[in-house]
Amino acid sequence: MRIFGVILAGGTGRRMGGVDKALLGLNGTPMVQHVQDRFEPQVERLAISANGDATRLAFTGLPILPDAQSQGPLSGVLAALDWAEGADAVVSVAVDTPFFPGDLVPRLWLAGEGRLAVASSAGRWHPTFALWPRGLRGALRDYLATGGARVMAFCEAQGAVEAPFPASDPDPFTNLNTPADLARAETLLRCAD
């Protein structure tokens, strides 16, 4: 199976003071680089979904996919599905979640056997961490055209299956949304060295 990946980096970072979280330093390295390093070995090709000046992310060497709809993460997923010519599916991850599992892609694939699959941990679904079959492009485009933007509502309507991951502390799907979250992540990385 051919699986491509997309890093969803279109958020506004409001709770982080309005900064571009993709460029936010985590242990001296931009957050997007941490995510790229963890994700790239798991997929055949990788891109970043982000609007604005694409040159700010040129250092990654990845294609930058702007989205036409600007309706949140699903707009980025659609841009990735359109880009992923020749792939069977695209796996999405959030740029502000640098500790996601190193076996995310194969476990998503196995859970859904190629169908839409969403990661979960500790009883909570994490819909920005999902495997999106390319065959969903039409349904997703239609959903966005009606003004829909809720990721879980779309996933439920498409019969998404759950891909459970073991609960741990910290949860590997924890977003770094605030300066306090970033400080905790810095501590975790220092302790791991």
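Residues numbered from 1 in each chain as written. Predicted model: local features only at pLDDT ≥ 70, side-chain atom pairs only at ≥ 80, totals over all residues. Heavy atoms only, no water.

Student: Talk me through the overall build of the protein chain; I want residue IDs and the actual numbers.
Tutor: Looking only at helices and strands, the protein chain features six helices and nine strands. Taking 193 residues into account, the globule formula puts the C-alpha radius of gyration at 16 Å, and the protein chain, at 16 Å, falls close to it. The C-alpha extent of the protein chain, read off along each of the three principal axes, is 45 × 35 × 30 Å. Looking at the 193 residues of the protein chain, the share that counts as buried comes to 50%. Contacts spanning at least 24 positions in sequence make up 71% of the contacts within the protein chain whose residues lie at least 6 apart. Element-wise, carbon and sulfur atoms account for 53% of the exposed surface of the protein chain, whose accessible area totals about 8800 Å². When the 16 basic and 20 acidic side-chain charges of the protein chain are each reduced to a single mean position, those positions are 3 Å apart. (Helix = DSSP H or I, 4+ residues; strand = E, 2+ residues; numbered from the N terminus. Rg over C-alpha atoms; globule rule 2.2 N^0.38 Å. Buried < 20%, exposed > 50% of the residue type's maximum accessible area, 1.4 Å probe, protein only. Contact = heavy atoms within 4.5 Å. Areas by Shrake-Rupley, 256 points an atom, 1.4 Å probe, with all protein chains shown as cover. Lys, Arg positive; Asp, Glu negative; His and termini not counted. Charge placed at Lys NZ, Arg CZ, Asp CG, Glu CD.)

Student: Could you give an account of the packing of aromatic side chains, with specific residues and numbers?
Tutor: Scanning the model with the defined rule gives seven aromatic pairs in all. Considering the side-chain rings of Phe100 and Phe129, the 5.8 Å spacing of their centres and the 45° angle between planes classify their relative orientation as tilted. In this pair, Phe100 is assigned in the loop between strand 6 (89-94) and helix 3 (104-112) and Phe129 in strand 8 (residues 124-133), connecting sequence segments 29 residues apart. Both rings, one in Tyr143 and one in Phe154, keep their centres 5.3 Å apart while their planes meet at 45°; by these two values the pair is tilted. (Phe/Tyr/Trp six-rings, centres within 6.5 Å; stacked < 30°, edge-to-face > 60°.)

Student: Break down the side chain of Gln42 for me, citing the residues and quoting the values.
Tutor: By secondary structure assignment, the location of Gln42 is in the loop between helix 1 (31-39) and strand 4 (46-49). A polar contact is formed between the side chain of Gln42 and the backbone nitrogen of Leu104, at a distance of 3.1 Å. Residues contacting Gln42, with those up to four places away along its chain left out, are Phe100, Pro101, Gly102, Asp103, Leu104, Val105 and Pro106. (Polar contact = N/O pair within 3.5 Å; in protein donor to acceptor, adjacent residues only side chain to side chain.)

Student: Tell me about the pattern of salt bridges, and name the residues and values.
Tutor: In total, this model carries eight salt bridges according to the counting rule given. Arg56 is the salt-bridge partner of Asp20, the closest N and O atoms lying 2.5 Å from each other. Residue Asp20 is found in the loop between strand 1 (3-8) and strand 2 (25-26), and its partner Arg56 is found in the loop between strand 4 and strand 5 (64-65); the two are separated by 36 residues along the sequence. Given the relative accessible area of 24%, Asp20 is considered partly exposed. Exposure remark for Arg56: the relative accessible area of 22% places this residue in the partly exposed category. Among the salt bridges present, the one from Lys21 reaches Asp96, with a minimum N-O distance of 2.6 Å. Of this pair, Lys21 sits in the loop between strand 1 and strand 2 while Asp96 sits in the loop between strand 6 and helix 3, placing them 75 residues apart in sequence. Look at Lys21 and you get buried, because its relative accessible area is 12%. (Salt bridge = Lys/Arg side-chain N within 4 Å of Asp/Glu carboxyl O.)

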